[in-house]
Amino acid sequence: MRAAAGVSVGDELPPLTLRITRADLVRYAGASGDFNPIHWNERFAREVGLPGVIAHGMLTMGLAGRIVTEWAGDPGAVVEYGVRFGRPVPVPDDDEGALVEVTGKVTKVLDDGTFKVNVTASFEGKSVLGGASARVRLP
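The rules behind the values
Residues numbered from 1 in each chain as written. Predicted model: local features only at pLDDT ≥ 70, side-chain atom pairs only at ≥ 80, totals over all residues. Heavy atoms only, no water. Helix = DSSP H or I, 4+ residues; strand = E, 2+ residues; numbered from the N terminus. Buried < 20%, exposed > 50% of the residue type's maximum accessible area, 1.4 Å probe, protein only. Contact = heavy atoms within 4.5 Å. Arc of directions from axis to C-beta. UniProt positions renumbered as here; feature names shortened; annotations may be inferred. Core = buried A, V, L, I, M, F, W, Y, C linked by side-chain atoms within 4.5 Å. Salt bridge = Lys/Arg side-chain N within 4 Å of Asp/Glu carboxyl O. Polar contact = N/O pair within 3.5 Å; in protein donor to acceptor, adjacent residues only side chain to side chain. Expected span 1.5 Å × (residues − 1).

1. Considering the overall build of the protein
Consideration 1: Counting its secondary structure elements, the protein contains three helices and six strands.
Consideration 2: Secondary structure elements of the protein occur, N-terminal to C-terminal, as β-α-α-α-β-β-β-β-β.
Consideration 3: In terms of principal-axis extent, the alpha carbons of the protein reach across some 50 × 30 × 25 Å.
Consideration 4: The buried share of the protein, taken over its 139 residues, is 37%.
Consideration 5: For the protein, the proportion of contacts with a sequence separation of at least 24, taken over those separated by at least 6, is 66%.

2. Quick look at helix H1 (residues 22–32)
Consideration 1: Among the residues making up H1, those that are buried are Arg 22, Leu 25 and Ala 29. One side of H1 holds all its buried residues, which, seen down the axis, span an arc of 50 degrees. The exposed residues of H1 that point more than 90 degrees off its buried face are Arg 27, Gly 30 and Ala 31.
Consideration 2: The secondary structure elements touched by the buried residues of H1 are strand S1 (12–20), helix H2 (42–47) and helix H3 (57–72).
Consideration 3: Within two residues after H1, Gly 33 carries a phi angle of roughly 80 degrees, on the positive side.

3. Topic: the UniProt feature "domain: MaoC-like" (unreviewed entry) in the protein
Consideration 1: Summarizing the sequence annotation, UniProt attributes the feature "domain: MaoC-like" (unreviewed entry) to residues 17–108 in the numbering used throughout.
Consideration 2: Secondary structure within residues 17–108 divides into 36% helix and 25% strand; the distance between the first and last C-alpha atoms comes to 24 Å.

4. A word on the nonpolar core
Consideration 1: Ranked by internal contacts, the top residues of the largest apolar core, which has 34 residues, are Val 68, Trp 71, Val 102, Val 117, Val 136 and Leu 138.
Consideration 2: Apart from the residues lying within four places of it in its own chain, the contact partners of Val 117 are Leu 13, Val 68, Trp 71, Lys 105, Val 106, Ala 132, Ser 133, Ala 134 and Val 136.

5. A closer look at unusual backbone geometry
Consideration 1: Of note, the phi angle at Glu 124 is positive, near 50 degrees, even though the residue is not glycine.
Consideration 2: Its location among the elements puts Glu 124 in the loop between strand S4 (115–123) and strand S5 (126–127).
Consideration 3: Judged by relative accessible area, Glu 124 falls into the exposed class, the value being 67%.

6. Notes on the pattern of salt bridges
Consideration 1: Tallied over the full model, the rule gives eight salt bridges.
Consideration 2: The shortest N-O distance in the salt bridge between Glu 42 and Arg 46 comes to 3.0 Å. Of this pair, Glu 42 and Arg 46 both sit in helix H2, four residues apart, roughly one helical turn.
Consideration 3: Looking at Glu 42, the relative accessible area reads 27%, which means it is partly exposed.
Consideration 4: Glu 80 is the partner of Arg 135 in a salt bridge, and the nearest nitrogen-oxygen pair spans 3.3 Å. Remark: Glu 80 occurs in strand S2 (residues 78–85) and Arg 135 occurs in strand S6 (residues 129–136); sequence separation between them is 55 residues.
Consideration 5: Each of Arg 22, Glu 42 and Arg 46 takes part in a single network of salt bridges with overlapping partners.

7. Description of the side chain of Thr 114
Consideration 1: The topology assignment puts Thr 114 in the loop between strand S3 (98–109) and S4.
Consideration 2: Polar side-chain contacts of Thr 114 include one of 2.6 Å to the side chain of Asp 112.
Consideration 3: Not counting residues up to four positions away in its chain, the partners in contact with Thr 114 are Lys 108, Val 109, Arg 135, Val 136 and Arg 137.

8. Here's the deal with H3
Consideration 1: In this model H3 runs 23 Å from its N-terminal to its C-terminal C-alpha over 16 residues, within 8% of the 22 Å that 1.5 Å per residue would give.
Consideration 2: What H3 keeps buried is the set Leu 59, Thr 60, Met 61, Ala 64, Gly 65, Ile 67, Val 68, Trp 71 and Ala 72.
Consideration 3: The inward-facing, buried residues of H3 abut S1, H1, S2, S3, S4 and S6.
Consideration 4: Positioned one or two residues after H3, Gly 73 has a phi angle of 85 degrees, which is positive.

Take a look at the structure:
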């Protein structure tokens, strides 16, 4: 686990590249119970104005949060994590899926000794999560 003494404001977390495939959407739908057709039916997704089947927002959020848990070395170190959903991640029906790039940066040491980490997730160069940040408690 990462030690607080070795962390400074401005530290950048190692970047994370995520690949989301249609198979991931099926597994997430089963685990979450979210079987909304925008996550599996191309025709329906387009009929409601989407560019095609899109990843579940909570799946994208959860996957992007891995940048913080991997950096901290302990998922339990994350005491708070929140995002706003900015734009959808279209997931093509192929073996490649959608590539989401995630970065993170320590932006503040809070009064209680925890660290604020801002997270950026982007697809095709455009942010997909807004205001994403985590509060991390390190020993």
